Amino acid sequence: MSSTRHAEIAGAGFAGLTVATALAQRGWSVRLHEKGTELREQGAGIVLFGNSLKVLESLGVIDEINEGSMTPPFYETRMQNVIVSDEDMPGVWWRTLTRPFLHKVLSEAARHAGVEIATGSEVIGATESGTLRVRGGEELEADLVVGADGVASAVRDSLGIRYDRWNAKDGITRFLVPRRKEDLQRIEPDTEWDNVIDFWNLEPRVLRVLYTPANARELYIALMAPSDDKEGSATPTINLDVWTSIHPQLRPVLEEATKIDGKYFRYQTNRLEQWTKGRVALIGDAAHAMAPALAQGGGCAMMNAFTLATAATAADPADLPDALVEWERLERPFTERCQDRSQEYASTRGMSQGGQFVGDNLETALYDPTDPNRHLAQ
Ligand code: FAD
Ligand code: 3HM
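Residues numbered from 1 in each chain as written. Chains lettered and ligands numbered in written order. Predicted model: local features only at pLDDT ≥ 70, side-chain atom pairs only at ≥ 80, totals over all residues. Heavy atoms only, no water.

J.: How do you make sense of the overall build of the protein chain when you look at a structure like this?
T.: Each helix and strand in the protein chain was counted, giving twelve helices and 18 strands. Projecting the C-alpha coordinates of the protein chain onto the three principal axes gives extents of approximately 70 × 45 × 35 Å. A buried classification covers 57% of the 378 residues belonging to the protein chain. Residue pairs at least 24 apart in sequence account for 74% of intrachain contacts in the protein chain once pairs closer than 6 positions are excluded. In the form shown here, the protein chain has an accessible surface area of approximately 15700 Å², with 47% of it arising from carbon and sulfur atoms. Between the centroid of the 39 positive side chains of the protein chain and the centroid of its 55 negative side chains there is a distance of 3 Å. (Helix = DSSP H or I, 4+ residues; strand = E, 2+ residues; numbered from the N terminus. Buried < 20%, exposed > 50% of the residue type's maximum accessible area, 1.4 Å probe, protein only. Contact = heavy atoms within 4.5 Å. Areas by Shrake-Rupley, 256 points an atom, 1.4 Å probe, with all protein chains shown as cover. Lys, Arg positive; Asp, Glu negative; His and termini not counted. Charge placed at Lys NZ, Arg CZ, Asp CG, Glu CD.)

J.: When you look at the environment of Gly 91 in this model, what are you seeing that I'm missing?
T.: Tracing the backbone through its elements, the reader meets Gly 91 in the loop between strand E5 (82-87) and strand E6 (94-98). Measuring from C-alpha to C-alpha, the distance between Gly 91 and Val 209 comes to 27 Å, with 118 residues separating the pair along the chain.

J.: Any chance you could explain the packing of helix H2 (residues 50-59) against helix H10 (residues 297-314) here in plain terms?
T.: Helix-helix packing is characterised by the crossing angle of the two axes and by the distance between the axes. The contact between H2 and H10 brings their axes to 8 Å, and the two run at 45 degrees. Taken as axis vectors, H2 and H10 run oblique relative to one another. As H2 packs across H10, the resulting crossing turns out to be left-handed. Contact residues: H2 offers Asn 51, Ser 52, Val 55, Leu 56, Ser 58 and Leu 59, while H10 offers Gly 299, Cys 300, Met 302, Met 303 and Phe 306. Here the contact of H2 with H10 is built from residues that sort into seven nonpolar, four polar and no charged. (Axes fitted to C-alpha atoms, helices over the stretch in contact; angles between N-to-C directions. Parallel < 35°, antiparallel > 145°, perpendicular 65-115°, else oblique. Left-handed = near helix turned anticlockwise from the far one by under 90°. Nonpolar A, V, L, I, M, F, W, Y, C, P; charged D, E, K, R; others polar.)

Next comes the structure, spelled out in structure tokens:
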């Protein structure tokens, strides 16, 4: 009998690609199932902090990530177009980038590590003894099964794991557009257009634009409006008149957004009764979807994917279920505190006051999932 351990993973998002690569790099045979017919991420931009950048460093892709991303000089917050904070986050490692780029880097790392990627393969469930069920009838056995299949996880639901869910009143439509930096500079010469700028506007109506340069060419803009504001949340084409009436200096990039079909997305937080059952572990939005306020949903997905891979590798194969329970006990509190902080900001719109990247709010950003001694002091 082969001593190589085998993992079956549902979902090739940031969580699934990370755990697949980390396991394969540690000698596991790994099959990753993606229901989409192509391996790709259609989303817009993302902000990553040290916790996930350390993971990318450990996977061996940080040079590539650095080349295709940037660190803006400041994370600026404006209320009614008045600057309330400019945060340069001393000691905090952070990068902005596009999601398609991050997905491409992770997909290539997975292939390079020897992960078998099955596209057009829809997972319909799993059993705690370690089988993954794929549409079409296949039952695949594994030492470890991972549900990284997103917020509507079939793996989670097939195991009967219950969870609470909160939807925020606000939601967001996200776009990747050309930077148009010179046009923006002409309109507002005193603005540092390389900054992240969180343009809050609460009066006469809640219409916020989070402006995030992702590299020299691409800009991520996220347009937030309450879900009951029909004009503010209109998609697939945004209501240019409404958005430029509040944010006239952003006209060039808002015009770019009208050329793209947008999807309005309401924030959601999930809290599960358990992240593991037998030989199955859940990670990413399947386990802990969160409001994006602290920009840590993907970061937590990647750090939990990585620590799952190291914990499973360190475990005696016969004791894997116990090792998964211990992994959850140690890692879950960090994610839950981040969920709570993000949820609080989302429901109070407290980010409009600026100055959020300080103190306890930095706990997740500063967490190092690659440090084997990280739990010694607890
Ligand atoms: P997903 O990205 O949902 O991936 C799941 C994958 O599984 C998909 O490829 C899907 O096709 C596949 N799949 C689903 N079901 C099945 C099935 N049955 N069988 C096979 N495959 C399946 N995070 C950050 O870190 N920084 C940010 O700046 C940030 N900004 C955000 C802004 C907004 C507005 C929102 C809503 C979220 C933001 N996040 C951010 C959070 C982040 O996007 C998510 O937490 C992260 O993408 C989750 O990754 P995942 O791999 O768990 O899930
Ligand atoms: C990066 C980021 N940060 C905050 C939000 C938010 O509060 O909606 C969205 C984001 O993409």
